[in-house]
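Listed here are the chains, written in short residue letters.
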Amino acid sequence: MNGVRISTGQVVEPFGDNFYAKLPKRALSRVGVVDVGSNSIRLVVFDGAARSPAYFYNEKVMAGLGQDMATTGRLNPAGVERGFAALRRFAALAKGMDIEPLTCVATAAVREAEDGPEFQERVERETGLKLWVIDGEEEARLSAQGVLLGWPEAKGLVCDIGGNSMELAEVEGGKVGRRATSQLGPFRLQQVQGGKDGLRKHIREIMAELAAKLGTDHERIYLVGGSWRAIARLDMERTGYPMTVLHEYRMTPDSVNETVDWISENDLNQLRGRVGISSSRMELVPLASRVLSELIATFKPTELAVSSYGIREGLLYEQMSDRLRQRDPLIELARFTERQMARMPGFGKQLYQFLLPIFQDAPPERERLIRAACLLHDTTWRAHPDYRAEVCFDNVTRANMAALSHQERIFLGLALLHRYKNSRSKSPMAPLFELLSRDELREAEILGKAMRFGAMFSIDDPSEAGALRYRPDEGQLELKLTATGRKLAGEVVESRFRSLCNSMGVEPVVSV
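None of the values given here were measured: they were computed from a predicted structure.

The rules we used
- Residues numbered from 1 in each chain as written.
- Predicted model: local features only at pLDDT ≥ 70, side-chain atom pairs only at ≥ 80, totals over all residues.
- Heavy atoms only, no water.
- Pairing = 2+ DSSP bridges.
- Helix = DSSP H or I, 4+ residues; strand = E, 2+ residues; numbered from the N terminus.
- Axes fitted to C-alpha atoms, helices over the stretch in contact; angles between N-to-C directions.
- UniProt positions renumbered as here; feature names shortened; annotations may be inferred.
- Polar contact = N/O pair within 3.5 Å; in protein donor to acceptor, adjacent residues only side chain to side chain.
- Domains from an automatic or database assignment.
- Buried area = accessible area lost by both parts, 1.4 Å probe.
- Salt bridge = Lys/Arg side-chain N within 4 Å of Asp/Glu carboxyl O.
- Nonpolar A, V, L, I, M, F, W, Y, C, P; charged D, E, K, R; others polar.
- Contact = heavy atoms within 4.5 Å.
- Parallel < 35°, antiparallel > 145°, perpendicular 65-115°, else oblique.

Trainee: Teacher, can you tell me more about the sheet that holds strand 15 (residues 507-511) here?
Mentor: Across a sheet, paired strands are connected by hydrogen bonds in the backbone, their directions being either parallel or antiparallel. The strand order across the open sheet built from 3 strands is 13-14-15, with neighbouring strands paired in mixed fashion. Because the sheet does not close on itself, it has two edges, and the strands there are strand 13 (466-471) and strand 15. Ignoring which end each strand starts from, the neighbouring axes of this sheet average 20 degrees apart.

Trainee: What am I meant to see in the UniProt feature "domain: Exopolyphosphatase C-terminal" (unreviewed entry) in the protein chain here?
Mentor: Here the UniProt feature "domain: Exopolyphosphatase C-terminal" (unreviewed entry) sits at residues 365-505. A helix fraction of 61% and a strand fraction of 9% characterise residues 365-505, whose end C-alpha atoms lie 24 Å from each other.

Trainee: Looking at this structure, how should I read helix 11 (residues 268-275)?
Mentor: Looking at where helix 11 begins, the residue whose side-chain oxygen comes 3.0 Å from the main-chain nitrogen of N269 is D267. Note on helix 11: the residue one or two positions beyond its end, G276, has a positive phi of about 75 degrees.

Trainee: Just to check I follow, could you spell out the domain arrangement of the protein chain for this structure?
Mentor: It is common to give the size of an interface as the accessible area lost on bringing the parts into contact. Once the domains are mapped, the protein chain shows domain 1 (4-134), domain 2 (137-312) and domain 3 (328-510). Together domain 1 and domain 3 conceal approximately 530 Å² of surface at their shared face, both sides included; 64% is due to carbon and sulfur atoms. When the area that domain 1 buries against domain 3 is broken down by residue, the three leading residues are A49, R51 and S52, summing to 74%. Our count for the contact surface shared by domain 1 and domain 3 stands at 0 salt bridges. In this assembly, domain 1 and domain 3 are joined by 1 residue pair in polar contact (both at pLDDT 80 or more). Here the side of domain 1 that touches domain 3 is built from residues that sort into 4 nonpolar, 2 polar and 1 charged.

Trainee: Can you help me understand the UniProt feature "domain: Ppx/GppA phosphatase N-terminal" (unreviewed entry) in the protein chain in this one?
Mentor: As recorded in UniProt, the sites labelled "domain: Ppx/GppA phosphatase N-terminal" (unreviewed entry) are residues 45-320. When the span residues 45-320 is considered, its composition is 51% helix and 18% strand, and the gap between its end C-alpha atoms is 16 Å.

Trainee: Just checking my understanding: could you explain the sheet that holds strand 2 (residues 30-36) for this structure?
Mentor: Sheet architecture is open: 5 strands sit in the order 4-3-2-5-6, paired in mixed fashion. Looking at strand neighbours, the two that pair on one side only are strand 4 (54-61) and strand 6 (131-133), the edges of this open sheet. For this sheet the average axis-to-axis angle between neighbouring strands, irrespective of direction, equals 20 degrees. Across 7 bridges, strand 2 lies against strand 3 (residues 41-47) in antiparallel orientation. Paired with V33 across the bridge in strand 3 is V44.

Trainee: Where do I start with the environment of Q67 in this structure?
Mentor: Inspection of the secondary structure assignment puts Q67 in the loop between strand 4 and helix 2 (69-72). Q67 sits 96 residues away from G163 along the chain, and the two C-alpha atoms are 7.8 Å apart. With residues up to four places along the chain from it excluded, the contact list for Q67 reads S38, N76, F187 and E283.

Trainee: What's the story with the packing of helix 9 (residues 226-239) against helix 13 (residues 285-299) in this structure? I'm lost.
Mentor: Between two packed helices, what matters for the description is the angle formed by their axes and the separation of those axes. Running from amino to carboxyl end, helix 9 crosses helix 13 at an angle of 90 degrees, the nearest separation of the two axes being 9 Å. By the criterion of interaxial angle, the relationship of helix 9 to helix 13 is roughly perpendicular. On helix 13, the residues touching S227, W228, A230, I231 and L234 of helix 9 are V285, A288, S289, V291 and L292. For the contact of helix 9 with helix 13, the residue count by class is 8 nonpolar, 2 polar and no charged.

Structure, rendered in structure tokens:
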């Protein structure tokens, strides 16, 4: 076999079962992770909502530890020094942020290099950081858990490519299944002999072994790793895709193959300048492209989805209880954001309950967006009134949100835009609206105008002022006012109620 390893059993966690339980309370709300990879070394500090954390701090150094290792068997000397400089800095930063201890893991380069143990010892001696060197199967498991952090319902094959290795893992039902590791990292492939034909044969042989171990019945492949994200960003550039958020970006096999051909036909430096990819990352793209083409040809997925979440997020997922893992990341983030930024935290739930009669037939995937919109409806009130609608839209479409497709981002953003603005004509965000169907645009507008009306109707609890009754067969939306509601139903409220009914195509009815 060409360096393919497979695991079906449980992997012993390098930290022990109670690792996180021993951490101080502050560290549990702000968790620091260091990932020492073959190409990059990164520090990430997570903070905020437990199920959908924000990136409090994120820094990456392209050290290139694994460069030339396939030939020398040792870590790249220049990469080692860059790596130590980065790790010393990360240790000092963590101390300044009161995050101790950091969770530090090293992958293919350190575990396979002759001088890997020496590097590990020196890191602890000179920086105080305990570096856990994990094997390929454990790396695959943690990367897959990172995908589950972003996609609780993920089903398919996770493919994580690094500088010196490529890992695969099955995910379904919130669990990680079979795992395999291989030496299909670009640094390794740089040393393959035999020109293009030799490289193609080498990749195909390893890919066939991976397919024999994991099967080829996976409709979706989740792509993890900087090289995959670089290719996805180039796919966006080639197709003129209007959004540059990489997480949840979907590609078809045909589109990927066209982009791979497009990359080979163009000057890499010019492409790099157009999309802002680093030169060290761009250098690996051609080889990664070959691997991706063969991955598609071998496993024949119907869709490829880009994940910005990987091993670092997998380490965070590791500490979560099953109960926490089952929560909806979008709703958790919306609740946290409302609590931190809304004028009246808790009103979002009351607004949702008040508007629910309009959306009582909404399917579950739409209902969660309605719930999230109500929770977020007042979280940008500090923005300048002239730009508040656009700020709402921009915040949602560019925010670090999990479990949210690009179309769902735009739907949610557009609903919040209409929360503050009746019309979306001449909006600078118009190119993004094209990712939604006509029906989706109309539904987002209805939701936005419903929130615009409901938020103005009562500043406390809308249900104390009245109730909505939607009669679609009669083409009517009725507002039944209480005694309190009669005092609140002024000119602005009536105007917004009529605007909502117009967008729904129904007659407004007001009764006492």
